[in-house]
Amino acid sequence: MDNGDVIPGLNEDWTFAGCKLMEWMSGLTASFLLSTQFEKPATVMPLLVFTWIGITLSMAMMRKRFPDEERGVANLFCVTCGFEPPGIPAPSKLQPLWSGGRIHQVRPNSLYAQLGLEELRHMKAEGRGSLSRF
């Protein structure tokens, strides 16, 4: 289609019930691992099927929470384990010396508060390029 139309879902992976093949296989693997704990797995088959479908759907829901899907899940897992995700800067949670997030209150004993820099943040400009106190 060279007239600029976009075909929705053209590059999406195969899904069944909104879950990708990897998620179905992960749920099935977890169900098989659970079946090894029982002497007669056939007696607990509803539990195994519930485990299979439950894990599959929960993995799909977690993946869909992120705009970049699998990469977002991998980044969340990396941050939770305490190491930097590959290929992007470390999140502020993992950077003890600097954080990109705003703070609501400055500690009174910090150098920022001792120098009185908090007052600069609340100053209003009078005209172009000039500050009221300077």
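Residues numbered from 1 in each chain as written. Predicted model: local features only at pLDDT ≥ 70, side-chain atom pairs only at ≥ 80, totals over all residues. Heavy atoms only, no water.

A. Representation of the overall build of the protein within the structure. When its secondary structure is counted, the protein shows five helices and two strands. Seen in sequence order, the protein has helices and strands lined up from the N terminus as β-β-α-α-α-α-α. Out of the 134 residues belonging to the protein, those deemed buried represent 16%. At a minimum sequence separation of 6, the contacts of the protein that also span at least 24 residues come to 29%. Counting only carbon and sulfur atoms, one obtains 62% of the accessible surface of the protein, whose full area is about 11200 Å². (Helix = DSSP H or I, 4+ residues; strand = E, 2+ residues; numbered from the N terminus. Buried < 20%, exposed > 50% of the residue type's maximum accessible area, 1.4 Å probe, protein only. Contact = heavy atoms within 4.5 Å. Areas by Shrake-Rupley, 256 points an atom, 1.4 Å probe, with all protein chains shown as cover.)

B. Structural detail: helix H1 (residues 21–35). Between its first and last C-alpha, H1 extends 21 Å over 15 residues, near the 21 Å set by a 1.5 Å rise per residue. When H1 is considered as a whole, its buried residues turn out to be Glu23, Trp24, Gly27, Ser31 and Ser35. Buried residues of H1 fall within an arc of 120° about the axis and therefore sit on the same side. Exposed residues lying more than 90 degrees from the buried face of H1 are Phe32 and Leu33. Where the residues of H1 are buried, they touch strand S1 (15–16), strand S2 (19–20) and helix H2 (45–64). (Expected span 1.5 Å × (residues − 1). Arc of directions from axis to C-beta.)

C. Main features of the state of the cysteines. The tally for this structure, following the rule as stated, stands at zero disulfides. Its sulfur unpaired, Cys81 is 7.1 Å from the next cysteine sulfur, which belongs to Cys78. (Disulfide = S-S within 2.5 Å.)

D. Summary view of the packing of H1 against H2. Running from N to C, H1 and H2 point in directions that differ by 145°, and their axes come no closer than 8 Å. Relative to H2, the crossing made by H1 is right-handed. Counting all contacts with H1, which are made through Met22, Glu23, Trp24, Ser26, Gly27, Leu28, Ala30, Ser31, Leu34 and Ser35, the residues of H2 involved are Leu47, Leu48, Thr51, Trp52, Ile53, Ile55, Thr56, Met59, Ala60 and Arg63. In the contact of H1 with H2, the residues fall into 12 nonpolar, six polar and two charged. (Axes fitted to C-alpha atoms, helices over the stretch in contact; angles between N-to-C directions. Left-handed = near helix turned anticlockwise from the far one by under 90°. Nonpolar A, V, L, I, M, F, W, Y, C, P; charged D, E, K, R; others polar.)

E. Spatial organisation of a nonpolar patch on the surface. A contiguous nonpolar patch, built from Leu111, Tyr112, Leu115, Leu117 and Leu120 and spanning about 460 Å² of accessible area, is present on the exposed surface. If you trace the backbone, Tyr112 turns up in helix H4 (residues 111–114). (Patch = residues over 30% accessible without salt bridge, like charges linked within 9 Å, V, L, I, M, F, W, Y side chains within 5 Å. Salt bridge = Lys/Arg side-chain N within 4 Å of Asp/Glu carboxyl O.)

F. Representation of the pattern of salt bridges in the model. All chains considered together, the criterion is met by four salt bridges. Residues Arg63 and Glu69 are paired through a salt bridge, measuring 3.2 Å at the closest nitrogen-oxygen approach. According to the relative accessible area criterion, Arg63 is buried, its value standing at 5%. Taken together, the salt bridges that share partners define one network made up of Lys20, Glu23, Arg63, Glu69 and Glu70.

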